[in-house]
Amino acid sequence: MENHDLSVKECAEVVKAQFDVEQFLDYVLVQLYLGNLDWHNNNCDFYRSKGAKEDALYADGRWHVLLYDLDYSINYQSEDHYTLLYEANTHNARIIRALLANEEWKSYYINRFEELLTENFQPEEAIEKQQLFEKQLAPEIGEDLRRWDVYLDDRLIKGIGIDYWYEKMEDLKSFFAERPEYARTYFYDSLERFFGEK
């Protein structure tokens, strides 16, 4: 993908036959929305099915990306993760830049961003789910904190109590409440800067 002009229809068709472009663009949007700092240069794996039943999910033989390892996400609210990606010289950054050279895929990317923002990333729903998990986990956290070491910035912290955990739960709520506005601003500013899109 990196060595071909994907704005050329024939090149794009070859890629589309071998790679689930829409699923990859969705993956990128989720990673960027969540502010994950540990994916475009690390923790990114691809898979494809060979010999699966025809009706099996993703049994099309194309390459798909696997979403996992999100422990460096939902953090760093004010950092522009979109620009960090578009400026990076990593394999995934080069793939996204190549894909967005194609007007059809760029249009999909922009429209899908808005769709995810208005339908899937609603702050109220995210906070409601976060509170549900908080309620389920709260009875276990005290014992967990007593049993396991806690590290902050690679430093061992002794004696962290349940108040620390509740403070982090409030940070999550703040992230979900504020993220749509940050994400929308960063998304469109970076698209204009790197791809000339307004």
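Scope of this entry: the structure provided in the associated data block. Remember, predicted model here, so these are calculated numbers, not experimental data.

Quick word on the overall build of the protein chain
Inference 1: For the protein chain, the helix and strand inventory stands at 7 helices and 4 strands.
Inference 2: Burial statistics for the protein chain: of 198 residues in total, 40% are counted as buried.
Inference 3: Sequence separation of 24 or more characterises 72% of the internal contacts of the protein chain that already satisfy a separation of 6 or more.
Inference 4: Accessible surface, the protein chain as shown: approximately 12,000 Å² in total, 49% of it carbon and sulfur.

Describing the packing of helix α2 (residues 21–34) against helix α7 (residues 162–195)
Inference 1: Closest axis-to-axis distance for the α2/α7 pair is 9 Å, and the angle between their directions is 120°. Here α2 lies oblique to α7, going by the angle between them. Counted together, Leu29, Leu32, Tyr33 and Leu34 of α2 and Phe175, Arg179, Pro180, Ala183 and Phe187 of α7 form the full contact between these two elements.
Inference 2: When grouped by side-chain class, the residues that make up the contact of α2 with α7 number 8 nonpolar, no polar and 1 charged.

With respect to the nonpolar core
Inference 1: In terms of nonpolar packing, the biggest core is built from 39 residues, with Phe24, Val28, Tyr82, Tyr86, Ile96, Leu99 and Tyr109 touching the most fellow members.
Inference 2: Residue assignment for this core shows that the elements contributing at least two residues are α1 (9–18), α2, α3 (81–87), α4 (91–99), α5 (103–120) and α7.
Inference 3: Top element by residues in this core is α2. It accounts for 10 residues.
Inference 4: Dropping the residues within four chain positions of it, Tyr109 is found in contact with Leu25, Val28, Leu29, Leu32, Tyr86, Ile96, Leu100, Phe187 and Leu191.
Inference 5: Counting 7 residues, the second-largest nonpolar core is a separate cluster that includes Ala138, Ile141, Leu145 and Trp165.

Cut-offs applied
- Residues numbered from 1 in each chain as written.
- Predicted model: local features only at pLDDT ≥ 70, side-chain atom pairs only at ≥ 80, totals over all residues.
- Heavy atoms only, no water.
- Helix = DSSP H or I, 4+ residues; strand = E, 2+ residues; numbered from the N terminus.
- Buried < 20%, exposed > 50% of the residue type's maximum accessible area, 1.4 Å probe, protein only.
- Contact = heavy atoms within 4.5 Å.
- Areas by Shrake-Rupley, 256 points an atom, 1.4 Å probe, with all protein chains shown as cover.
- Axes fitted to C-alpha atoms, helices over the stretch in contact; angles between N-to-C directions.
- Parallel < 35°, antiparallel > 145°, perpendicular 65-115°, else oblique.
- Nonpolar A, V, L, I, M, F, W, Y, C, P; charged D, E, K, R; others polar.
- Core = buried A, V, L, I, M, F, W, Y, C linked by side-chain atoms within 4.5 Å.

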